[in-house]
Amino acid sequence: MTRSAGSHSAAKRWIIAVASVVALGLIAWPVLIHYEIPPFTDKGDPVTYGGVEPDRTAGGTRSGGDPRVLMPTGPVADFRNARTLDDGTHVSVVTLDGKKSGFRGKVWVWAPKEYTDEPKFAKSGFPVMIALPGGPGFDSNYWWAGFAFEENMAKWYEEGKSKPFLLAMPVLNPGPDTDGRYWDGSDIPGQPKMGTWLTEDVPDLMRQNFRTLTSRDGWAFMGSSTGGFAGVKAVLKHPDKFKAVIANGPDFVPDSLLWRGHEQEQRENTPSVLAKRLIAAGGPDVYMAFQVGTRERAATMKGVKDFMAQYDKGPIHTYLRPIEGGKHDGATYAPNLGLGPIQWISRYIEGPTPSS
């Protein structure tokens, strides 16, 4: 039986319509995902990193007897996806109840694809970088979503510039900087213990959920402005726990108004005091990389250079990258991390070592 011309025309229109819908769908799909329009988003989905073993001993579990590697001890955190990178890795977030500080706040984390997808590293410990923001540092941390930070970290590892760091990106302050208040990343008497939060609770979260390194050789800070100060102070105050820091446009004085009446505690959180003490003790060695934009306040560059002139001796090793035309902001610091500072500290940071 021969089809009529009308039937052929109707079939053609139907095919064109279906093809158009498919084409529109292919175009719209990434748009819907980009703008996180349900159900075309995985934001908020659970994220797991695998390999968590409940801690049966005080020291945790080690990988195949390798004393350098601490397997994740648990308990497993309720990580939720915050954003998905093009390589399939996830930046996830959890609200952490800090057991040692008593502070409850958000922490964003990211693991490079080598952590989950590379068989030779399946039982290897990875180094951790605790990345701190400038500005208010509450109720967010701009490193988790800003400046293509995770994408660049992945690229810098592929280019041989950086170790494949696990990233922990906690809130820096317990509240907004109303009236210029901030907490100097410290345990100020009568205030939330933000120093303990950064140097105890956040590292504990990483140990509980990731394969890390048992020694300080796998632990570093990176921060901007007040986050840079907090990182410098953490490494100088706890050189037994942390080996290196990248400080972008930092200052070196704990000048929060909340220190009033607590001058002795303020002194114990002053980098110059801690540096003198570390030099007198003869170690352990720490590595401090600085970045400062040439368009920042002159006092910022002077502060960094003065600190280096006085304390780059004995166990304290420093490096400075001036950023020509750079300002006091994350947009200046982020891309320049891969033009010297990441390479420099990566020389001194351990891991991961392929499993045999």
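Below you will find a few notes about this structure. (Residues numbered from 1 in each chain as written. Predicted model: local features only at pLDDT ≥ 70, side-chain atom pairs only at ≥ 80, totals over all residues. Heavy atoms only, no water.)

**Describing the overall build of the protein**
Right, on to step 1. Broken down by element type, the protein carries ten helices and twelve strands.
Right, on to step 2. Per-residue burial over the protein gives 49% buried out of 356 residues.
Right, on to step 3. Here the contacts in the protein between residues at least 6 apart in sequence split such that 71% fall between residues at least 24 apart.
Right, on to step 4. Carbon and sulfur atoms make up 55% of the accessible area of the protein, which amounts to about 16,600 Å² in all. (Helix = DSSP H or I, 4+ residues; strand = E, 2+ residues; numbered from the N terminus. Buried < 20%, exposed > 50% of the residue type's maximum accessible area, 1.4 Å probe, protein only. Contact = heavy atoms within 4.5 Å. Areas by Shrake-Rupley, 256 points an atom, 1.4 Å probe, with all protein chains shown as cover.)

**Overview of the environment of I342**
Right, on to step 1. Along the chain, I342 turns up in helix 10 (residues 341–346).
Right, on to step 2. Leave out the neighbours within four places in its chain, and I342 touches M129, M153, W156, K161, S162, I246 and L337.

**So, a negative patch on the surface**
Right, on to step 1. A contiguous patch of negative charge on the surface is contributed by D86, D87, D117 and E118.
Right, on to step 2. On the secondary structure map, E118 appears in the loop between helix 2 (113–117) and strand 6 (128–132). (Patch = residues over 30% accessible without salt bridge, like charges linked within 9 Å, V, L, I, M, F, W, Y side chains within 5 Å. Salt bridge = Lys/Arg side-chain N within 4 Å of Asp/Glu carboxyl O. Lys, Arg positive; Asp, Glu negative; His and termini not counted. Charge placed at Lys NZ, Arg CZ, Asp CG, Glu CD.)

**As for the pairing of strand 9 (residues 219–224)**
Right, on to step 1. Counting buried residues in strand 9 gives six out of six residues, a clear majority hidden from the surface.
Right, on to step 2. The side-chain alternation of strand 9 yields two buried faces, one formed by W219, F221 and G223 and the other by A220, M222 and S224.
Right, on to step 3. Pairing geometry for strand 9 and strand 10 (residues 244–248), over five bridges, is parallel. Each residue of the ladder has a partner; that of M222, found in strand 10, is I246.
Right, on to step 4. Each parallel crossover has a hand, and the one from strand 9 via helix 5 (residues 226–237) to strand 10 is right-handed. (Pairing = 2+ DSSP bridges. Right-handed = clockwise from strand over helix to strand, strands pointing away.)

**Examining the pattern of salt bridges**
Right, on to step 1. Inspection of every chain in the model, using the stated rule, returns 16 salt bridges.
Right, on to step 2. Notably, a salt bridge pairs D66 with R68, separated by 3.1 Å at the nearest N-O pair.
Right, on to step 3. With a relative accessible area of 37%, R68 lands in the partly exposed category.
Right, on to step 4. The salt bridge partner of R83 is E151, with a shortest N-O separation of 2.9 Å. Pair noted here: R83 is in strand 3 (residues 80–84) and E151 is in helix 3 (residues 149–158), with a separation of 68 residues, a long-range link.
Right, on to step 5. Overlapping salt bridges bring together K100, E200, D204, R207 and K241 as one network.

**Side note on unusual backbone geometry**
Right, on to step 1. Going from G283 to P284, the amide bond is cis rather than trans, its omega being 5°.
Right, on to step 2. Assignment of secondary structure puts P284 in the loop between helix 7 (271–281) and strand 11 (286–293).
Right, on to step 3. In this model, G351 is joined to P352 through a cis peptide bond whose omega is -10°.
Right, on to step 4. Inspection of the secondary structure assignment puts P352 in the segment after helix 10.
Right, on to step 5. With a phi close to 50°, A148 is a non-glycine residue in the positive phi region.
Right, on to step 6. Counting through the fold element by element, A148 comes out in the loop between strand 6 and helix 3.
Right, on to step 7. With a phi angle near 55°, D184 is a residue other than glycine that sits in the positive phi range.
Right, on to step 8. Relative to the elements of secondary structure, D184 occurs in the loop between strand 7 (166–170) and helix 4 (194–209).

**Brief notes about the nonpolar core**
Right, on to step 1. Membership of the largest hydrophobic core comes to 84 residues, with the highest contact counts inside it found for F149, M169 and L236.
Right, on to step 2. Ignoring sequence-local partners within four residues, the contact set of F149 consists of M129, A131, W143, L167, M169, M222 and L337. (Core = buried A, V, L, I, M, F, W, Y, C linked by side-chain atoms within 4.5 Å.)

**Focus: the packing of helix 5 against helix 7**
Right, on to step 1. For the pair helix 5 and helix 7, the least separation of the axes is 9 Å and the interaxial angle reads 25°. When the axis of helix 5 is compared with that of helix 7, the two are roughly parallel. For helix 5 against helix 7, the interelement crossing comes out left-handed. Contact residues: F229, V232, K233, L236 and K237 in helix 5; P271, L274, A275 and L278 in helix 7.
Right, on to step 2. Grouping the constituent residues of the contact of helix 5 with helix 7 by class yields seven nonpolar, no polar and two charged. (Axes fitted to C-alpha atoms, helices over the stretch in contact; angles between N-to-C directions. Parallel < 35°, antiparallel > 145°, perpendicular 65-115°, else oblique. Left-handed = near helix turned anticlockwise from the far one by under 90°. Nonpolar A, V, L, I, M, F, W, Y, C, P; charged D, E, K, R; others polar.)

**Considering helix 4**
Right, on to step 1. In this model, helix 4 (16 residues) spans 21 Å end to end at C-alpha, consistent with the 22 Å of a helix rising 1.5 Å per residue.
Right, on to step 2. With 14 of 16 residues buried, helix 4 lies mostly within the body of the structure. (Expected span 1.5 Å × (residues − 1).)

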